[in-house]
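# Understanding the architecture of this molecule
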Amino acid sequence: MTDEQLLIEFALTRMDHPDLDLEEVATLTVRRLGEDRMLDFAGLTLVSRGELRGAVFPAAVEHVLRVVLTLRGPDD
């Protein structure tokens, strides 16, 4: 899944739940995408941290947030 596709999934989840904060939307996005994507995202987070092990779900949520905030760009 590309970063752009992930951002679209995040946006669709946020449209369904507009009153949630970004971390809660990221959590729902990870759940919505399923276990295979969760493992992919967690692996990417652990690689970027230089870690060999970590909690899968929080690492996956962290990846989603990192991608969303990076693609979103700086606040003006």
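As for its position among the elements, alanine 60 is in helix α4 (residues 56–72). Under the relative-accessibility criterion, alanine 60 is labelled buried at 0%. Along the backbone, alanine 60 and arginine 37 are 23 residues apart, and their C-alpha atoms lie at a distance of 8.3 Å. Setting aside its immediate chain neighbours within four residues, alanine 60 contacts Val30, Met38, Phe41 and Ala42.

Applying the stated criterion across every chain, the model contains four salt bridges. Close ionic contact of aspartate 16 with arginine 32 constitutes a salt bridge, the shortest N to O distance being 3.1 Å. Taken as a pair, aspartate 16 in helix α1 (residues 3–16) and arginine 32 in helix α2 (residues 22–33) lie far apart in primary sequence, 16 residues in all. Residue classification places arginine 32 among the partly exposed positions, given a relative accessible area of 43%. For arginine 66, the salt bridge goes to glutamate 62, with nearest N and O atoms at 2.7 Å. Taken together, the residues arginine 66 and glutamate 62, both in helix α4 and four residues apart, mark about one turn of the helix. Residue arginine 66 is classed as partly exposed on the basis of its relative accessible area of 31%.

If you trace the backbone, histidine 63 turns up in helix α4. Non-local contacts of histidine 63, meaning those with residues more than four positions away in its chain, are made with Leu6, Phe41, Leu44 and Thr45.

Further remarks concern α1. If you check α1, its first and last C-alpha atoms are 20 Å apart, about what 14 residues at 1.5 Å a residue would give, namely 20 Å. Those residues of α1 lying buried are Leu6, Phe10 and Thr13. Seen end-on, α1 carries its buried residues on one side only, within an arc spanning 65°. Turned more than 90 degrees away from the buried face of α1 sit Glu4, Ile8 and Met15, all of them exposed. Those residues of α1 that are buried lie in contact with α2, α3 (35–49) and α4.

Calculation notes
Residues numbered from 1 in each chain as written. Predicted model: local features only at pLDDT ≥ 70, side-chain atom pairs only at ≥ 80, totals over all residues. Heavy atoms only, no water. Helix = DSSP H or I, 4+ residues; strand = E, 2+ residues; numbered from the N terminus. Buried < 20%, exposed > 50% of the residue type's maximum accessible area, 1.4 Å probe, protein only. Contact = heavy atoms within 4.5 Å. Salt bridge = Lys/Arg side-chain N within 4 Å of Asp/Glu carboxyl O. Expected span 1.5 Å × (residues − 1). Arc of directions from axis to C-beta.

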